Amino acid sequence: MTEQTSALATPPAADEAPQVQFEGTTPYEDYVHASLLSTLQRPLSNDPGEMAFIVTTQVMELWFTLIVYEWRTARDALLKDDLEQAIDALRRSRRSHQALNDSWTPLAALTPAQFNGFRAAFGEASGFQSAQYRHMEFLLADKSRSMVQAHRGHPAVYAELEEALAEPSLYDEVLRFLYRRGLPVPEHVVERDVTEAYQPDSWVEEVWRQIYAGPQDDPLVRLGEELTEVAELVLRWRSDHLLATRRAMGAKAGSGGSPGVAWLEKRAQRSVFPELWTARSYV
C-alpha cells in the first residue's frame, strides 16, 4: 500500500469538524433539493392534521416514482433475457413497496372528525387521479384507457400515460420471457392487445404449475416468488388504503366522485399476476 493510499484510507479524527464553508448552497442541497421539497406543502385550512395528510401523500408519490422505475427496470431486463437483473430490480422494489405501505401510519387512525377538519380543503382531489399510481397499475397489466382521460388537461402527463398504456406491462414481458425459454405460453397471450387489462388464462396457469412443480432451485421459481411478493405487497397496499378510508369516512362518497369505500373494495378484489396464485392449487 502506498503512502498516498494509506492517507486516503485514514478516517478523520472524532474531534474534527465537518466542512461548513461553501461558495454557494451546500452539496447536499444541490443533490437532494431539500429546500424545494420543503416548499411544496401548502395547507389550505387551519387544521393541524392537513399538514400530515399533504406530507404523507407527497411521500407516497415519491415511492410510486421509485417503484415504477424499478418495475420498468425489471421489465426491460426481461426483454433482454437478463433474469438476474430483473430479479434484482424486483427485490429492490419490494423494499420500496414495503416503505410505501408503511407510509399509511400517519393517516391510518384518523377519526371522521379529524378527517373532516381538512377534507373540504382538497375539494375534488382524489388518489385515483395520481398519474404515477396509474403508471404502477399499467405495469401490473391493469390497463384502462378511460383512466387516462382524467389527465387530458396536462399534455405531458397525458402523453406519458398514453405511451405507458401502449407498452407491454411487466407481466407481459414476464410471460414473453417464459415463452422464449420454451415454456408453453400460448401465442394468443404473447400477442395480446397490451392496451387492454390482462385476463387470467388457464394455459398460463399450467405454465406456472409446471415451474412450481419442478426443481425448487430453478431460477424461474425465484422469478415467480419475487413476483408473488410484489403482488402481495400491492394487495396489502390496497387493503390498507381501504381500511384507512373506511375508518376516516365510512361509506361516504369519495372526493373525486367515486363511490368511496365501495370503489376501493372493488379495486382491492382485483388480482395481481393471477395465475401465480391459482396455479398453487395444482402443485
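See the structure printed just above.
Residues numbered from 1 in each chain as written. Predicted model: local features only at pLDDT ≥ 70, side-chain atom pairs only at ≥ 80, totals over all residues. Heavy atoms only, no water.

**Q** Summarise the overall build of the protein chain; cite the residues concerned and give the values.
**A** Helices and strands together make up the secondary structure of the protein chain, namely 14 helices and zero strands. The order of α-helices and β-strands along the protein chain, N terminus first, is α-α-α-α-α-α-α-α-α-α-α-α-α-α. Each principal axis of the C-alpha atoms in the protein chain carries an extent, and together these give about 70 × 65 × 35 Å. Across the 283 residues that make up the protein chain, the buried fraction comes to 39%. Pairs at least 24 apart in sequence give 71% of the contacts found in the protein chain among residues at least 6 apart. With the model as given, the accessible surface of the protein chain reaches about 15900 Å², and the carbon-plus-sulfur share is 56%. (Helix = DSSP H or I, 4+ residues; strand = E, 2+ residues; numbered from the N terminus. Buried < 20%, exposed > 50% of the residue type's maximum accessible area, 1.4 Å probe, protein only. Contact = heavy atoms within 4.5 Å. Areas by Shrake-Rupley, 256 points an atom, 1.4 Å probe, with all protein chains shown as cover.)

**Q** Please set out the side chain of Asp 172 residue by residue, giving values where relevant.
**A** Along the chain, Asp 172 turns up in helix H9 (residues 170–180). In this structure the side chain of Asp 172 is engaged in a polar contact, spanning 2.9 Å, whose partner is the side chain of Ser 169. In contact with Asp 172, other than residues within four places in its own chain, are Arg 192 and Val 194. (Polar contact = N/O pair within 3.5 Å; in protein donor to acceptor, adjacent residues only side chain to side chain.)

**Q** Talk me through the packing of aromatic side chains; I want residue IDs and the actual numbers.
**A** All chains considered together, the criterion is met by 13 aromatic pairs. The interplanar angle of 45 degrees and the centroid separation of 5.1 Å between the aromatic rings of Phe 53 and Phe 118 together place this pair among those described as tilted. Of this pair, Phe 53 sits in helix H4 (residues 49–79) while Phe 118 is found in helix H6 (residues 112–119), placing the two residues 65 residues apart along the sequence. A residue is classified by how much of its surface remains accessible, and Phe 118, at 1% relative accessible area, is buried. Taking 5.3 Å as the distance between ring centres and 45 degrees as the angle between the ring planes, the aromatic pair formed by Phe 64 and Tyr 133 counts as tilted. Pair noted here: Phe 64 is in helix H4 and Tyr 133 is in helix H7 (residues 131–139), with a separation of 69 residues, a long-range link. A connected cluster of aromatic rings, assembled from ring pairs, spans Phe 53, Phe 115, Phe 118 and Phe 122. (Phe/Tyr/Trp six-rings, centres within 6.5 Å; stacked < 30°, edge-to-face > 60°.)

**Q** Outline the nonpolar core, listing residues and values.
**A** Core analysis: the largest hydrophobic core is formed by 55 residues, its most contacted members being Trp 71, Leu 178, Trp 208 and Phe 273. For this core, the elements supplying multiple residues, two or more each, are H4, helix H5 (83–102), H6, H7, H9, helix H10 (187–190), helix H11 (202–213) and helix H12 (219–249). In this structure Leu 178 touches Leu 183, Val 185, Val 207, Trp 208, Ile 211 and Leu 220, once residues within four positions along its chain are discounted. Counting eight residues, the second largest nonpolar core, distinct from the first, contains Phe 138, Val 148, Leu 161 and Leu 165. (Core = buried A, V, L, I, M, F, W, Y, C linked by side-chain atoms within 4.5 Å.)

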